[in-house]
Amino acid sequence: MNVTDGRYTYHVFPDDLATQEIYQYTLMPTHIWEPFSTEELADASLSNGFDFTKGVKLLKVPVSSRSPFDDNYGPGALLESDTRLYDVETDPGQEKPIQNGPVEARLRVLMTELMQANDAPPEAFARIGLPAQLESAS
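Anyway, here's the lowdown on the structure attached to this text. Within each chain, residues carry numbers counting from 1 in the order of the written sequence. Confidence filtering applies because this is a predicted model: local features only for residues at pLDDT of at least 70, side-chain atom pairs given and counted only at 80 or more, and all residues used for totals across whole chains, interfaces and linings. The basis for every side-chain value is the complete set of non-hydrogen atoms in the structure, without hydrogens or water.

## Describing the packing of aromatic side chains
Line of reasoning, step 1. Under the pairing criterion, centres of Phe, Tyr and Trp rings, with the six-membered ring standing for Trp, must be within 6.5 Å; the plane angle then separates stacked pairs below 30 degrees from edge-to-face pairs above 60, leaving the rest tilted. Enumeration according to the criterion identifies three aromatic pairs in this entry.
Line of reasoning, step 2. With a centroid separation of 5.0 Å and 80 degrees between ring planes, the pair formed by Tyr25 and Phe50 is classed as edge-to-face. Separated by 25 residues along the polypeptide, Tyr25 in strand E3 (residues 23–26) and Phe50 in the loop between strand E4 (45–47) and strand E5 (58–62) bring together distant segments of the chain.
Line of reasoning, step 3. A relative accessible area of 14% means that Phe50 is categorised as buried.
Line of reasoning, step 4. Every member of this aromatic cluster is reached through a ring pair, and the members are Tyr23, Tyr25, Phe50 and Phe52. Numbering goes from the N terminus for both helices and strands, where a helix is a DSSP run of H or I of at least four residues and a strand is a run of E of at least two. Any residue under 20% of the maximum accessible area for its type is buried, any over 50% is exposed, and the rest in between are partly exposed; the area is computed with a 1.4 Å probe on protein chains only.

Following this line, the structure appears as structure tokens:
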């Protein structure tokens, strides 16, 4: 997952890419060029859907290393595997990661808010250690 505020970009990775919980949610079990394999569908289940599906349940298919999703968009497609923060004002090529705890904390809140606003599934928050709900400032 990554987020930017225009000045900083923050790329967050799970602690262990090999054991992360990731699913494809679909109404039609096909990839762009081919149907899901029997092996992919063997552990599929129905999810309750999301706000944008208006109550329609979705097929929840675990992503495995055998899935075309893995090599195109999932863990098999990643070039990096560690969390990084970049200041694109001073490093527009994002070549030198920086450490800045307050900026990371602010961007983690922004990431959480955006994920909540887009109805991200619970496992997406857990995968990168974000709370599914932000605590209100009382």
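So that's the structure; there's more coming.
## Some thoughts on the pattern of salt bridges
Line of reasoning, step 1. Salt bridge, as applied in this entry: a Lys or Arg side-chain nitrogen positioned within 4 Å of an Asp or Glu carboxyl oxygen. Counted by the stated rule, this structure contains four salt bridges.
Line of reasoning, step 2. Taking the shortest distance from any N to any O, the salt bridge between Glu89 and Arg7 comes out at 3.9 Å. Taken together, the residues span a long stretch of sequence, with Glu89 in the loop between strand E6 (84–87) and helix H3 (101–117) and Arg7 in the loop between strand E1 (2–4) and strand E2 (8–11) at a distance of 82 residues.
Line of reasoning, step 3. A relative accessible area of 58% means that Glu89 is categorised as exposed.

## Remarks on the sheet that holds E6
Line of reasoning, step 1. With respect to topology, three strands assemble into an open sheet ordered E1-E2-E6, the strand pairing being antiparallel. Looking along the sheet, the strands with just one partner apiece sit at the ends: E1 and E6. Averaged over all pairs of adjacent strands, the angle between strand axes in this sheet comes to 10 degrees, irrespective of strand direction.
Line of reasoning, step 2. Here E1 pairs with E2 via three bridges, running antiparallel. The partner of Thr4 across the bridge, within E2, is Thr9.
Line of reasoning, step 3. Across the face of the sheet, H3 comes into contact with E1, E2 and E6 while running at roughly 70 degrees to E2. One bridge is not enough; two strands pair if DSSP finds at least two bridges between them. An axis is simply a line fitted to the C-alpha atoms; with a helix, the fit covers only the stretch in contact. Between two such axes, the angle follows the N-to-C directions and lies from 0 to 180 degrees. Note on contacts: a residue pair qualifies if any of its non-hydrogen atoms lie within 4.5 Å across the two residues.

## Things to note about the sheet that holds E4
Line of reasoning, step 1. An order of E3-E5-E4 is seen for the three strands of this open sheet, with the pairing classed as antiparallel. Edge positions in the sheet fall to E3 and E4, since each has one partner strand and no second. Within the sheet, the average angular offset between the axes of one strand and its neighbour, ignoring direction, is 40 degrees.
Line of reasoning, step 2. Pairing analysis gives three bridges linking E4 to E5, with the strands arranged antiparallel. Each residue of the ladder has a partner; that of Ser45, found in E5, is Lys60.

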